[in-house]
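Spelled out from the first residue to the last, the chains are:
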Amino acid sequence: MSVFSNLFGSSEKQDNSNSKINWILLTELGQLNEIISVSNEQAVVIFKHSTRCIVSRTALKQFENEFDAATFQVNVSMYFLDLLAHRDISNEIASRFGVHHQSPQLLLIKGGKSVYDVSHSDIDAGELKTKVYSIFIIF
C-alpha cells in the first residue's frame, strides 16, 4: 500500500481486523429502512467517512481506538458509510434524518430519528456512550 493510501485510505473500507468495532457496511439505500426499523429496538450509529480526508481518517482511527463495545449495556448496531463511494446514501441520510451533511460525521438513531450528531473533532466514543445511556437506558 502506498504512503498516500496509508494516510488517506482507499476508496473501499480497508480490512480493519485491529478495530474493536464490528462495522456493518452501509452500501445500499434500502439499508436506511433497516436502520430505521432496528432503531426502534436498539441504538444505531452511523459513521460517515471520507476516505480522501486526513481529518476523517484521524477521527475514525481515534474513535475506533477509544470505542469499547463491552462497556455498552445496550446493543448498538454500528454502520459505516464510505461517503465517496456512496454519496447518494450520504445525501439520503441528510434528508431522512434532518442533519446537515458533514464529514466525518457520527449519528445516533433512535425511533427512526437522529437524536445526536457530531462531526470532525467532536466525534468521541466516550460521549457517544454517555448519549446512548441517557437516551436508551433512562427512557
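Rules used throughout
Residues numbered from 1 in each chain as written. Predicted model: local features only at pLDDT ≥ 70, side-chain atom pairs only at ≥ 80, totals over all residues. Heavy atoms only, no water. Core = buried A, V, L, I, M, F, W, Y, C linked by side-chain atoms within 4.5 Å. Buried < 20%, exposed > 50% of the residue type's maximum accessible area, 1.4 Å probe, protein only. Helix = DSSP H or I, 4+ residues; strand = E, 2+ residues; numbered from the N terminus. Salt bridge = Lys/Arg side-chain N within 4 Å of Asp/Glu carboxyl O. Contact = heavy atoms within 4.5 Å. Phe/Tyr/Trp six-rings, centres within 6.5 Å; stacked < 30°, edge-to-face > 60°.

A. Quick look at the nonpolar core. Of all hydrophobic cores here, the largest spans 22 residues; its most connected members are W23, F47, F63, F67, L106, L108 and L128. Sorting the residues of this core by element identifies strand 2 (43–49), helix 3 (54–66), strand 3 (76–82), strand 4 (105–110), strand 5 (113–119) and helix 5 (125–137) as the ones contributing at least two each. Grouped together as the second largest cluster of nonpolar side chains are 14 residues, V44, I89, V99 and I109 included.

B. Broad picture of the pattern of salt bridges. Following the criterion strictly, the structure yields 3 salt bridges and no others. Residues E92 and R96 are paired through a salt bridge, measuring 2.9 Å at the closest nitrogen-oxygen approach. With E92 and R96 both in helix 4 (residues 87–97) and 4 residues apart, this pair spans about one turn of that helix. Its salt-bridge partner being E127, residue K131 comes within 3.9 Å of it at the nearest N-O pair. On the criterion of helical spacing, the pair formed by K131 and E127 is a turn pair, its members being 4 residues apart in helix 5. With relative accessibility at 32%, the residue E127 sits in the partly exposed group.

C. Molecular detail of the environment of K131. For K131, a relative accessible area of 27% corresponds to the partly exposed category. Along the primary structure K131 and L108 are separated by 23 residues, whereas in three dimensions their C-alpha atoms are 8.4 Å apart. Filtering out sequence-adjacent residues up to four positions away, K131 remains in contact with L108 and Y116.

D. Summary view of the packing of aromatic side chains. For the coordinates displayed, the defined rule picks out 6 aromatic pairs. On the numbers, 6.4 Å between centres and 35° between planes, the contact of W23 with F63 is tilted. Of this pair, W23 sits in the loop between helix 1 (3–8) and strand 1 (24–25) while F63 is found in helix 3, placing the two residues 40 residues apart along the sequence. In this structure, W23 and F63 share a single accessibility class: buried. On the numbers, 6.5 Å between centres and 5° between planes, the contact of F47 with F80 is stacked.

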